[in-house]
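Listed below, chain by chain, are the residues.
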Amino acid sequence: MSEKYNHRVIEPKWQSYWKDNNSFNSKIDPKKKKYYILEMFPYPSGRIHMGHVRNYTLGDVIARYKRAQGYNVMHPMGWDAFGLPAENAAIENNISPKKWTYQNIETMKDQLKKMGLSIDWSREVATCDELYYKQQQKLFLRFFRNELIYKKESLVNWDPAEGTVLANEQVIEGRGWRSGAEVEQKKLSQWFFKITKFAENLLESLETMNKWPDKVRTMQKNWIGKSVGCEIDFEIISKNKSFDKSKIRIFTTRPDTIFGATFCALSPYHPVAEALMETDDKISDDIKEMRSQKVNEETIAKNEKIGIKTDLYIKHPFLENKLLPVYIANFILMDYGSGAIYGCPAHDQRDLDFANKYDLEVIQVIKQSDGTLFDNKNALVGNGNLINSKFLNGMSIDEAKNEVIKKLEDHKQGNKKINYRLRDWGISRQRYWGCPIPIMYREDGAVIEVPEDQLPLKLPEEIDFNIPGNPLDNHPTWKYTKCPETGMSAIRETDTLDTFVDSAWYFLRFCSPTNNLEPFNSNEIKYWMPVDQYVGGVEHAILHLLYSRFFTKALDIKEVDEPFESLFTQGMVCHTTFKNTSGEWVYPEDVNSIKDKLIQISTGENVQKGLIESMSKSKKNIVDPESIINTYGADPARWFMLSDSPPEKDINWSESGINGAWKICQKIWMIVEKNKNYINSDTYYEDADWSENAFQLNRCIHQNLDEITRSIEKFQMNVAIAKVYEMVNAISKFKPLDKNDELALGNSIKILIRAIEPMIPHLAEECWSLTNNHNSLSVVPWPKVVEKFLETSSVTVVIQINGKRRGELIVDKNTQEKEVMKKIKDIKNINDALSGKNIIKSIYIPNKILNIVLK
RNA sequence: GCGGAUAUGGUGGAAUUGGUAGACACGCUGGUUUUAGGUACCAGUGAGGCAACUCAUGGGGGUUCGAGUCCCUCUAUCCGCACCA
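**Student:** How should the overall build of chain A be read in this particular structure?
**Tutor:** What chain A contains, in helices and strands, is 27 helices and 38 strands. Dimensions of chain A, computed from C-alpha atoms along their principal axes, come out at roughly 110 × 85 × 65 Å. Per-residue burial for chain A yields a buried fraction of 52% across its 855 residues. Working note: accessible area of chain A is about 40,500 Å², and carbon and sulfur atoms make up 48% of it. A distance of 4 Å separates the average location of the 114 positive side-chain charges in chain A from that of its 118 negative side-chain charges.

**Student:** Help me out: how do you make sense of helix α23 (residues 739-756) in this one?
**Tutor:** Counting along an α-helix, one turn takes 3.6 residues, and residues three or four places apart therefore face a common direction. Relative to the 26 Å expected for 18 residues at 1.5 Å per residue, α23 spans 26 Å between its end C-alpha atoms, a close match to the ideal helical length. Summarising burial for α23: 15 of the 18 residues are buried, a large majority.

**Student:** Mind showing me how you'd approach the pairing of strand β15 (residues 340-343) here?
**Tutor:** Side-chain direction in a regular strand flips from residue to residue, so the side chains alternate between the two faces of the sheet. Taking every second residue as pointing to the same face, both faces of β15 are buried, with A340 and Y342 on one and I341 and G343 on the other. When strand β12 (residues 263-266) meets β15, the two strands line up antiparallel, connected through four bridges. Paired with F263 across the strands is G343, a residue of β15.

**Student:** Would you take a moment to explain the nonpolar core for this structure?
**Tutor:** One broad trend across soluble globular proteins is that nonpolar side chains are buried collectively. Counting residues in hydrophobic clusters, the biggest one holds 176 residues, and the most contacted among them are Y36, W425, F550, F551, W653 and I712. Filtering out sequence-adjacent residues up to four positions away, F550 remains in contact with F143, F193, K194, I195, F198, L202 and W425. Core analysis: the next-biggest nonpolar cluster, separate from the first, contains 41 residues, Y342, C344, I366 and V404 among them.

**Student:** Honestly, the packing of helix α21 (residues 692-713) against helix α22 (residues 717-733) in this entry has me stumped. Any pointers?
**Tutor:** Packed helices, taken two at a time, are described by the angle their axes make and the gap between the axes. Look at α21 against α22: their axes get within 8 Å of each other, and the N-to-C directions meet at 165 degrees. With respect to each other, α21 and α22 are oriented roughly antiparallel. The hand of the α21/α22 crossing is left-handed. Facing L697, C700, I701, N704, L705, E707, I708, S711 and I712 of α21, the residues of α22 in contact are M717, V719, A720, K723, V724, E726, M727, A730 and I731. Looking at the contact of α21 with α22, its residues break down into 13 nonpolar, two polar and three charged.

**Student:** Honestly, the domain arrangement of chain A in this entry has me stumped. Any pointers?
**Tutor:** Interface extent is often summarised as the accessible area lost during association of the parts. Each assigned domain of chain A is listed with its residue range as follows: domain 1 (151-192), domain 2 (226-420), domain 3 (573-614), domain 4 (651-790) and domain 5 (794-854). Spacing between the C-alpha centres of domain 2 and domain 3 amounts to 55 Å.

**Student:** What exactly am I supposed to notice about the pairing of strand β35 (residues 794-801) here?
**Tutor:** Relative to strand β36 (residues 804-812), β35 runs antiparallel, the two sharing eight bridges. Within the sheet, the bridge partner assigned to I801 lies in β36 and is K804. Pairing analysis gives four bridges linking β35 to strand β38 (residues 849-854), with the strands arranged parallel. Each bridged residue has a counterpart across the sheet, and for I799 the counterpart in β38 is L850.

**Student:** I'm lost on the packing of helix α20 (residues 655-674) against helix α24 (residues 761-768) in this one. Help?
**Tutor:** Look at α20 against α24: their axes get within 10 Å of each other, and the N-to-C directions meet at 5 degrees. With respect to their mutual orientation, α20 and α24 come out roughly parallel. Residues C665, I668, W669 and V672 of α20 form the contact with α24, whose participating residues are L763, E766 and C767. For the contact of α20 with α24, a count of residues per class yields six nonpolar, no polar and one charged.

**Student:** Please explain the pattern of salt bridges as it appears in this structure.
**Tutor:** Should the charged atoms of two oppositely charged side chains come close, the side chains can pair. Throughout the structure, instances matching the rule amount to 44 salt bridges. Linking K282 and D286 is a salt bridge whose minimum nitrogen-to-oxygen distance equals 2.8 Å. Here K282 pairs with D286, and both are found in helix α9 (residues 281-291), just four residues apart, close to one helical turn. The exposure class of D286 is partly exposed, given its relative accessible area of 25%.

**Student:** Please explain the sheet that holds strand β26 (residues 496-497) as it appears in this structure.
**Tutor:** Either a parallel or an antiparallel arrangement is found when strands of a sheet pair, and the pairing is made through backbone hydrogen bonds. Ordered in space as β20-β26-β21, the three strands form an open sheet in which the pairing is antiparallel. This sheet does not close on itself; its edge strands, each paired only once, are β20 (428-429) and β21 (435-436).

**Student:** Just checking my understanding: could you explain the packing of aromatic side chains for this structure?
**Tutor:** The description of an aromatic ring pair rests on the distance of the ring centres and on the angle between the ring planes. Applying the stated criterion across every chain, the model contains 48 aromatic pairs. Taking the centre distance of 5.4 Å and the plane angle of 75 degrees together, the rings of F198 and F550 count as edge-to-face. With a gap of 352 residues between them, F198 in the loop between β9 (184-193) and α6 (199-206) and F550 in helix α17 (residues 543-554) connect regions that are remote in the sequence. Centroid distance Y534 to F564: 4.1 Å. Interplanar angle 15 degrees. Geometry classified as stacked. Placement of the pair is Y534 in strand β27 (residues 533-537) and F564 in the loop between α17 and β28 (567-570), with a sequence separation of 30 residues. Assigned by exposure class, Y534 and F564 land together as buried. Ring-pair connections join several aromatic residues into one group, and the members of that group are F143, F193, F198, W425, F500, Y547, F550 and F551. When the ring centre of W478 is taken as reference, the NZ or CZ atom of R492 above it lies at 5.5 Å.

**Student:** What should I look at first to understand the sheet that holds β9 in this one?
**Tutor:** Strand order across the open sheet formed by four strands is β6-β5-β9-β19, with antiparallel pairing between neighbours. The open sheet has two edge strands, β6 (164-166) and β19 (425-426), and neither has a second partner. As paired elements, strand β5 (residues 149-159) and β9 share 10 bridges and run antiparallel to each other. Across the sheet, Y150 pairs through a bridge with F192, a residue of β9.

**Student:** What exactly am I supposed to notice about α24 here?
**Tutor:** Of all eight residues making up α24, eight are buried, and the element is well covered by its neighbours. Looking only at α24, the buried set comprises P761, H762, L763, A764, E765, E766, C767 and W768. In the core, the buried residues of α24 are packed alongside α1 (7-20), α2 (50-68), α19 (634-642), α20 and α23.

What counts and how
Residues numbered from 1 in each chain as written. Chains lettered and ligands numbered in written order. Predicted model: local features only at pLDDT ≥ 70, side-chain atom pairs only at ≥ 80, totals over all residues. Heavy atoms only, no water. Helix = DSSP H or I, 4+ residues; strand = E, 2+ residues; numbered from the N terminus. Buried < 20%, exposed > 50% of the residue type's maximum accessible area, 1.4 Å probe, protein only. Areas by Shrake-Rupley, 256 points an atom, 1.4 Å probe, with all protein chains shown as cover. Lys, Arg positive; Asp, Glu negative; His and termini not counted. Charge placed at Lys NZ, Arg CZ, Asp CG, Glu CD. Expected span 1.5 Å × (residues − 1). Pairing = 2+ DSSP bridges. Core = buried A, V, L, I, M, F, W, Y, C linked by side-chain atoms within 4.5 Å. Contact = heavy atoms within 4.5 Å. Axes fitted to C-alpha atoms, helices over the stretch in contact; angles between N-to-C directions. Parallel < 35°, antiparallel > 145°, perpendicular 65-115°, else oblique. Left-handed = near helix turned anticlockwise from the far one by under 90°. Nonpolar A, V, L, I, M, F, W, Y, C, P; charged D, E, K, R; others polar. Domains from an automatic or database assignment. Salt bridge = Lys/Arg side-chain N within 4 Å of Asp/Glu carboxyl O. Phe/Tyr/Trp six-rings, centres within 6.5 Å; stacked < 30°, edge-to-face > 60°. Lys NZ or Arg CZ within 6 Å of the ring centre and 35° of its normal.

Right under this line is the structure:
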C-alpha cells in the first residue's frame, strides 16, 4: 500500500532545496534571452492575504514556465514599506513604525516562502530601507535640478481637532475618522512633479502598448483627458472701482458657441473669487461655505449646481454691448482648464440646469441637423450648423471653432489651447513614515538641497505620536538645522514623499538592488528592462502605473522608455459575508450549518448569509492563507487559485474548492507512486509499435500538453488546469498490457509531472525525484509536443441541414464534398430529411462541416 | 452624472476566434467496495418528451447557409472618477 502524500514534510524539503541550491537566483547572461517577471510588491500590512496568494501564484506559474522554456528569468520581490498604516499602528499599539514594518516584513516573507514561490530573494528591497530611500532622495534632487519638481499651493483635508492632514479614506461623511471633527479644505504649499509635461508622451505611447489590457489603456487615456479648445480673455466690468482684477481667462472646448454664452462661472478657488472675498463679507461667507464641500468629479456631477451671484460682469468679445454676469459655481474645478468657464445653456446640460435655476438667458446657436427643436429642458448637443452667431452663421461646428480661434488670435483676445485633465502629481505628505524630502529652507528664504554626500537624510527614530500634527514638524533637533554652505540656520522640509514615489521606480532598483552608488546601473537595466510581464491588481490601473511610466520617461534613460512591456491585472478573492442577529460581522469559521440554519458557534446566535464580497478584515469574510497552507499544503492552495475562474475575474473562495484541489494532488501522487517502475526510464520511442490504446494515450497527452502550453501563454490558467485533469483522467484509466504500453504510460506520467510544476511545484519535484533523472525540475526543460501523435487519418464531419445539426460522419481526412454527399445517403434521418426536397446549395468546410440548404 | 466592463446548466466556467454549445471541475442522483466516517471507484446529470424530435448562451430585433461569437437596441450587475496601498 502506497503512502499518502504528506505536504508537511515534502514542501519544506523542496523549499530548502531551492534555497540551498540558489535555484532561482538570477544574473546577467548575455547568451540567454532574459525574462523579467514582476508582481506588484506588497505593502507589509502584517500577514499575507488571499489576494497575495493569487497574485504571486499567477506570477510564479509564468516564472517557472518561462524558466522551463529556456529563458534567463528574473523574479524578484520587495516591500512597499512606507505608508499610513504603520503610523496608525504606532498610535494604537505604541510601537515604532519602523519596528512594526520590519516585523511584518519578516512574517510575510516567511509566509511567502511557504507558498513555494520561485523568487530570487537575493534581490529583496524594502522602500523604507535607508539603502533604498537614499537613492530615491538622489532621484528627487535630479528631478529638482531638471525642473520637474516645483512648489505650489494645494488643498488638503484638514482635521482641525488633530491638527493633521487626512487622507480621503480618513474622511467619513465630512468628518475626521478619529476625531469626528468637521474636515476643512486647507491650502498648503506642497511639492509637485510636473507629470503634465509628459501628458502628450504618456498618451501617445499608450497607442503602441498592445500587450496591456484595453481597459487599462482606456482608463489612462481618459485620465490624461486630452481636449482641444481655446482660452479667451474676458474684460471684467466692475462697479466697485477699487476692484483690481481686470481680466478673466476662461477655457472652453466649444468656442463655436461663443454667441450662445450668457454667463460666466468661476471656481470658488479662482483668484477673482479670492479677490471678491476681500471686498464683501457676505460673498466671503458664501464662498467659504461652498469650499467646505468635497470637490471631486463624482460629487460635482451628481450634486445640485449652485451659484453665487457677484457684482461683476464680463464683456463679450464680439458683441459690443453684451455683458455676461459672473457667478461663483460649485461645479467648476480650479485644477481643470483655467478654473473659469462661460456657460452656453442651450448646448450644455449643466449650463442649462444652472441657467434655469438662476433664470438666465438662453440662446440657441446651433440648429440641429437631425431636426431636434429646443425645449428649454434638454440641451442640444448634436451636430448641426450655426445660427444667431453673426459671422459664424451657416458654418459647421468645426468650421466655427476654427473661425472663432482665428478671430481671437487676430485680436489678441485668446488662443488655441490643448488642455489635459491630467494634473501635476502632488507628492507632499504631512506624515512621518515616508521618504524625507532632501530640502531645507534657509532663514534668508533660499531653498537649499541637502548635499548628495550627506544622503541619506534619515528619518529620526525617537518620535512622539501623542503630539498632534506631523511628528517631523514637532521634532526640534531634526527640524532645525544649518545650511551646509553658509552655516546659516535653516528649517528642513518636514513633509515626506507620497508612497507612490517609492513604487514608481522599484522595478529599476531590482536590477541592481544593493548598489550604494547609484539608483540603478545602466548595464543592468539595459539587460533586464523592460519588465516583460507585470502582474497586479486592476486597482492600480491608473495611479501607480501612470506614475511608473512617468518616472521612466522623466529619468530620460536611453535604455528604456516604457517600463512594462506586458501587463496582466488579476481579479480579487471574494468570500460570503455573515452577520449575526445583533448585526455584527461573523468570521466564516465561526459559522456552522445545522440542518438549514446557520448558527454562530461562539454565541449560538442565528446567522444571516450576506453578499459575496472581496475579502476584507472589516467584514470578517477572510480566510487565512497560512492556516490553509498548514492544513492542505501550498500546492492545493496554489491549485485552487488557478483553477475554475479565469485569472482576470474575481473568484469566490469555497471550502469545496480547496478540498477538490487537495484531492487532485493526492490523486496525482497515488498515480505516480503506483507506476513508479514505469517512469524510471529515459527511453522515448516516438516510433514504437504502439497498441491502439497506447497511441490514444500518447495522442491525448500531447494534445493536452499543447493546450496547456497555449493556455499558459494566454494566462488562461483555469483552462490549463482543466487540461491537466484530462491528462490525469486518461492516465488513471490506462491499463498497460505490454512493454510498449508501459513505456507510453511512463512517458505520459513524466510529461504530466513536468507540466504541473509551474502550478504545484513541491508535488512535481517530489514526483520527479522518483524518476531516474535526479535534477530538480527547475532545470528541466518544458516537454515538446510530438506532432506525430496529433495527426489522424480520419475526421468527423458534422452534417447540418439548414444550419441545424442532423448527424455526423467519420471520413478519411481531406475527403471531397462529393464523397461526403454520397455517404450521407446511408444516414437514415438525413436521408429522410432530404427526400422530396430540393437542395438549393451546400456549404462544405473540409474536415469540419457540411451544411445542406433545402427548400 | 461621466467613463469602462460583464451577462452561457443548480454552481465556477470551456468553446481551436463565424462552424457539433455546455470541455474540465464543483454539486446532485443511483450503484459498488464490511467504507465507522466527510474516503475510493462506476454510471447518470441543460430543459421538455417513451421516442423520433423540440427548445436553449440576460430580453428584443438584424446580418449570414450557419451567431454564445458580428451589428442595433433594451435590461441587470460590477468597477473607476486624483492623499488607502
